[in-house]
Structure formats: structure tokens, C-alpha cells
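Residue-level structure breakdown
Below, each chain spelled out in residue letters.
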Amino acid sequence: MKKLQIKPETGLHGTLSIPGDKSISHRGIMFGAISQGTTVLHHFLTAEDCLSTLQAFRSLGVPIERNGETVTIQGVGLNGLEKPTEALNMGNSGTTTRLIMGLLAGQQFTTQLTGDASLSKRPMRRVSDPLASMGAKVQVTDGHLPATIIGQHLHATDYHLKVASAQVKSALILAAIQADKSSILVEKLPTRNHTEIMLNAFGADIETAIDDVTITIHPRPELHGIEMTVPGDMSSAAFFLAAASLVPDSQVKLLNVGMNETRTGLLSILKRMGGNVKLSNQHIDCEPTADLTVTSAELKAVEVGADEIPDVIDELPLVALLAAKANGISKITGAGELRVKETDRIAAIVTEFSKLGIAITELPDGFIIDGTKPWQVKDPHLSSHGDHRIGMVMAIAALLISQPLTLDGADSINISYPEFFDDLNRMVPQAKEVD
Ligand code: S3P
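Residues numbered from 1 in each chain as written. Predicted model: local features only at pLDDT ≥ 70, side-chain atom pairs only at ≥ 80, totals over all residues. Heavy atoms only, no water.

Another aspect to go through is the overall build of the protein. Within the protein, the regular secondary structure consists of twelve helices and 23 strands. Over its C-alpha trace the protein gives a radius of gyration of 21 Å, about what one expects of a compact globule, namely 22 Å for 435 residues. The proportion of buried residues among the 435 residues of the protein is 58%. Within the protein, counting contacts between residues at least 6 apart in sequence, those at least 24 apart form 75% of the total. With the model as given, the accessible surface of the protein reaches about 16,200 Å², and the carbon-plus-sulfur share is 49%. (Helix = DSSP H or I, 4+ residues; strand = E, 2+ residues; numbered from the N terminus. Rg over C-alpha atoms; globule rule 2.2 N^0.38 Å. Buried < 20%, exposed > 50% of the residue type's maximum accessible area, 1.4 Å probe, protein only. Contact = heavy atoms within 4.5 Å. Areas by Shrake-Rupley, 256 points an atom, 1.4 Å probe, with all protein chains shown as cover.)

Here the focus is helix α8 (residues 265-272). Among the residues making up α8, those that are buried are G265, L266, L267, I269 and L270. In the core, the buried residues of α8 are packed alongside α7 (234-246), β16 (276-285), β17 (287-295), β18 (303-304) and α9 (316-323). Following α8 by one or two positions, G274 adopts a phi angle in the positive range, close to 95 degrees.

This paragraph deals with the domain arrangement of the protein. Here the protein is partitioned into domain 1 (2-20 + 232-426) and domain 2 (22-211). With 29 residues of domain 1 in contact, the opposing surface of domain 2 contributes 26 residues. Around 2,200 Å² of area is buried between domain 1 and domain 2 when both sides are counted, 50% of it from carbon and sulfur atoms. When the buried area of domain 1 at its contact with domain 2 is split by residue, G20, E342 and I415 rank highest and sum to 24% of it. (Domains from an automatic or database assignment. Buried area = accessible area lost by both parts, 1.4 Å probe.)

Note that R263 resides in the loop between β15 (251-258) and α8. For R263, the side chain forms a polar contact with the side chain of D21, separated by 2.9 Å. (Polar contact = N/O pair within 3.5 Å; in protein donor to acceptor, adjacent residues only side chain to side chain.)

It is worth spelling out the site of the ligand at this point. Around the ligand, the neighbouring residues are S23, R27, T95, R98, S165, A166, Q167, R192, I313, D314 and K341. Within the contact set of the ligand, an oxygen atom lies 2.7 Å away from a side-chain nitrogen or oxygen of R27. The contact in question runs from an oxygen atom of the ligand to an N or O atom on the side chain of S165, over 2.7 Å. Bound to the protein, the ligand loses 94% of the 380 Å² it would expose on its own. Contributions of two or more residues to the shell around the ligand are made by α1 (22-33), α3 (94-104) and α5 (166-176). Here the residues of the shell around the ligand sort into two nonpolar, four polar and five charged. A domain split of the shell around the ligand shows at least three residues from each of domain 1 (2-20 + 232-426) and domain 2 (22-211). (Near = heavy atom within 4 Å. Nonpolar A, V, L, I, M, F, W, Y, C, P; charged D, E, K, R; others polar.)

Another aspect to go through is the UniProt feature "domain: Enolpyruvate transferase" (unreviewed entry) in the protein. Feature annotation in UniProt places "domain: Enolpyruvate transferase" (unreviewed entry) on residues 8-424, given in this structure's numbering. In residues 8-424, the share of helix is 28% and the share of strand is 26%. The end C-alpha atoms are 11 Å apart. (UniProt positions renumbered as here; feature names shortened; annotations may be inferred.)

Look at the link from L145 to P146: it is a cis peptide, with omega at 0 degrees. Residue position: P146 is located in strand β9 (residues 144-150). At R220, a residue that is not glycine, the phi angle is positive and equals roughly 55 degrees. For N281, which is not glycine, the phi torsion reads 55 degrees and is therefore positive. Owing to a relative accessible area of 42%, N281 belongs among the partly exposed residues under this scheme.

Under the feature "active site" (unreviewed entry), the UniProt entry names D314. Tracing the backbone through its elements, the reader meets D314 in the loop between β18 and α9. The exposure class of D314 is buried, given its relative accessible area of 12%. Not counting chain neighbours up to four residues away, the residues in contact with D314 comprise R192, S235, K341, R345 and R389. Among the polar contacts listed, one links the side chain of D314 to the side chain of R192, at a separation of 3.3 Å.

Further remarks concern the sheet that holds strand β4 (residues 64-67). Adjacent strands of a sheet form backbone hydrogen bonds with each other and so pair up, either parallel or antiparallel. The mixed open sheet is built from four strands, whose spatial order is β4-β5-β3-β14. In this open sheet, the two edge strands, each paired with only one partner strand, are β4 and β14 (227-229). Along the sheet, successive strands turn relative to each other by an average axial angle of 15 degrees, direction set aside. Taken strand by strand, α1 contacts β3 (36-42), β4, β5 (70-76) and β14, and its axis lies near 35 degrees from that of β5. (Pairing = 2+ DSSP bridges. Axes fitted to C-alpha atoms, helices over the stretch in contact; angles between N-to-C directions.)

For the rest of this paragraph, the subject is the packing of aromatic side chains. When we look at a pair of aromatic rings, we describe it by the centre distance and by the angle of the planes. Tallying each qualifying case throughout the model produces six aromatic pairs. On the numbers, 5.6 Å between centres and 70 degrees between planes, the contact of Y417 with F420 is edge-to-face. Given a relative accessible area of 0%, Y417 falls into the buried group. Relative to F421, the ring of F420 has its centre 5.1 Å away and its plane inclined at 70 degrees; by these criteria the two rings are edge-to-face. Accessibility expressed as a relative area gives 0% for F420, which makes it buried. (Phe/Tyr/Trp six-rings, centres within 6.5 Å; stacked < 30°, edge-to-face > 60°.)

Quick look at the pairing of β5 now. Burial along β5 is one-sided: the residues V71, I73 and G75 are buried and none of T70, T72, Q74 and V76 is. Where β3 meets β5, six bridges bridge the pair, whose relative direction is antiparallel. Note on β5: the bridge partner recorded for L41 is V71. Strand direction decides the pairing type here: β4 and β5, joined by four bridges, are antiparallel. Its bridge partner lying in β5, I64 is registered against I73.

Attention now moves to the nonpolar core. Grouped together as the largest cluster of nonpolar side chains are 78 residues, with contacts concentrated most on F240, L254, F367 and F420. In terms of residue count, the dominant contributor to this core is α7 (ten residues). Leave out the neighbours within four places in its chain, and L254 touches L16, I18, A237, F240, L241, A290, D291 and L292. Formed by 65 residues, the second largest nonpolar core is a distinct cluster that contains M30, L45, I73 and I149. (Core = buried A, V, L, I, M, F, W, Y, C linked by side-chain atoms within 4.5 Å.)

Next up, the structure:
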């Protein structure tokens, strides 16, 4: 049980280097592994999820060395992966699981995948069913892990995705690069496009049409290793964007944050709410980055609907927190995907916010939050529900309260942001060591 930092008297201040992007770190390992030659990733995210990917590819026979945040991968090419000697353990990582299913579906060996209790509850037919349309044999257990992937020669597909999911899209892209002809995928809504951008940087031929949802994948690319610096993760920066916006008298600068426009939904929403975020030092190295300076602000209520959800999917618990202090009634809808994340994030947010006396109403696909109602702690014992993002959002919520609170399951934060509490304490220098 962890004691949380309570309301700081002088706001949050300082400059923070945000850890590497989780989605990009996973993909860097995977695409480096199936390329020819050496790939070097700088500022790799050394959190548990990405280490699951690193370990899985070592088990597939890929030489990978890690020195702190620098990872060097000796690529074995698209035909060079080896059958692992035992089941691959995906840990808590949905991204590793779903992307690897698409990749291994086209390899000429059989692999078993297992995962932890949370991952073993998450839906996998959303990947195995569309892969089956390409001739893949991915056997899941009642729609879940454990899974067996019996590698096949794959054929091209022309497929309309049924869920707006970058993981499903990426699995199909990794299958399509191994197919006999060009494939076309049509998304329901544009989702994060790191797979398309990065695979093209490794030498693939993937075209996205002007509509942003039609993707053509040409098979059998000659992939070659690259050197790349992983941008800071917008989804991790988001906790400090919210904290500094909400805690009066704050100003923090977040360095080198990934600004891919399929990931910046929180910035647009915060702007509509009256937030104050300034961009500087913009760069592009495969993916765009910028430094963000955020200053506290009076926030207005907001409406967020289905079209906007993919660009802010992992930050929605924070949007709910911003709404809980905004002037008016906010409504978030079209976010049913939150129910199949590391935990049911709609139920978890409603449970935890209710402990703080926040006026929140659960919807099947979102929340209604009345930010005009004062908070009143009803239960000081908060829980992460075993979900890293829920744990961090509750630690940020505690900064708005003057009485001691505790968090159960804080270890889950290691999934994406092991230095989270160190970074938070650095922003609140007068804070007593949080143990
Ligand atoms: C991810 C895609 C999203 C996101 C997850 C990472 C990725 O999941 O929530 O944290 O790296 O492709 P879905 O594809 O399930 O929406």
C-alpha cells in the first residue's frame, strides 16, 4: 500500500524528460528483429511491457542487447525467426500479444502465447478472426489467451476493421507484409499510425490514402535496420499535463514529447477546456516531437464523442479527472473500448472517483461528470485495479486533496512508467519521501 502525495502548497514546478513511448518501443524491437542489419533504439522505454517484447524476440532467436535505454538489435530478417523452445510469456502486454499474433501467423512454425491474469481476460478474437481471413491459424481459448499460432502461408486480404484498434490494424499489417499479394485494410476511424510510419522507415511499402482510413500494404518488403530515438510518451506526459493544469500555481516543462497527431487528442481537449500548453523545440526524427510547457488554468466542461476517442484512448481517465474539476457538466461517450483495457477502466474510474465524492455517472460507453460539485473523501483507500494508468490517475487526483490517501496495487505502474513517483516527487520538491 503506497501513501500518496497530497495537495502541494506551491504547485508543481520543474522540467521533466518523459520516458520513451511504449507503442514505439515495442515496434522498434519487432521491426528491428525482422529487418536485415542492425537497429539501434535510443531512449527505449525500459518498463515491464516493453521488456516483455524484448524477451519474446530473444526467445525467437534474435540477438538483442540492452544498455540502459539503448537497445541494439541484430535483425534476422522476415524469414529468420526461430521456433521458441517454450511458450512466449506476454506478461501484461496487449500490444506485444496482438502484434506478435499477426507476425507469427505467417512464420513456418508453431508458437504458444501465455499472459498474466489481466491479459488473459482481454479479447483476442478481434485479431484471430480477421487473421483467419488471410488463411492464418491462430487458436485462442474461449476468445482469450493462451493461444497457439500455427504458422501458415498467408494470402492477401481486403478487410474492413470492426474495431478502431491500432493493435488489430498492426497485427494485420504484420501478416500482410508476409502475404502473396497486396492487401487493403479499411479502419472504422483513424488510429495511431506508428506501425505504418515506422515500418516504412525500415523500408516497407505501406500507403495511407487521403481519407486516413484506407491502408494498402505491399508484401515482402526488404526491411533494413535503422537508428532512432524514441520520443517521450504522450501517454506518460499526460499525467503531468493534467497535474500541472489542475494544481494551482503550477508550471512544468515536459521535454521531447511525441507529437504524432494520432496521439495528441488530450492536447485538443485540454485546449477546448481552457488549458494552457505551449509548444517549443519541434523536431521530426521518424516521429514528430516537441517540448510542452503547461501552466495551471481554470477549466471549462467538455464533450468528447466517438470520433475523437482513438486519439485520446489511453488518456481518457485523465480527461475524466480534468472534468471533475472543470466548471460545468462534461460528457464522454463512444469510449466502450475502455471496458476491455488492462481493467474495465469505466468501472474502475467510477469506483475510485466515487471514493473521492466526485459526481460521476457511469454510461455503457463513457461517463458524465459534474465538476461543479465539491469533492468529499468517502474512502481514503484507493486502488489501481491492477492497471498502471488507473494507479497513476489516482495519484494525480490525490494532489487535489489535503488529506492522506493510500493506493493499493501501485506496483502496476511499472508496466509503463517505473519512474513515475520519482518524477512526481521532483515536481513537488517540498514533498516528503513517498514510500
Ligand atoms: C496501442 C493501441 C491502443 C492503446 C494501447 C497501445 C498500440 O490499443 O490503447 O495502449 O501500441 O497499438 P487498441 O489498439 O486496443 O485501441
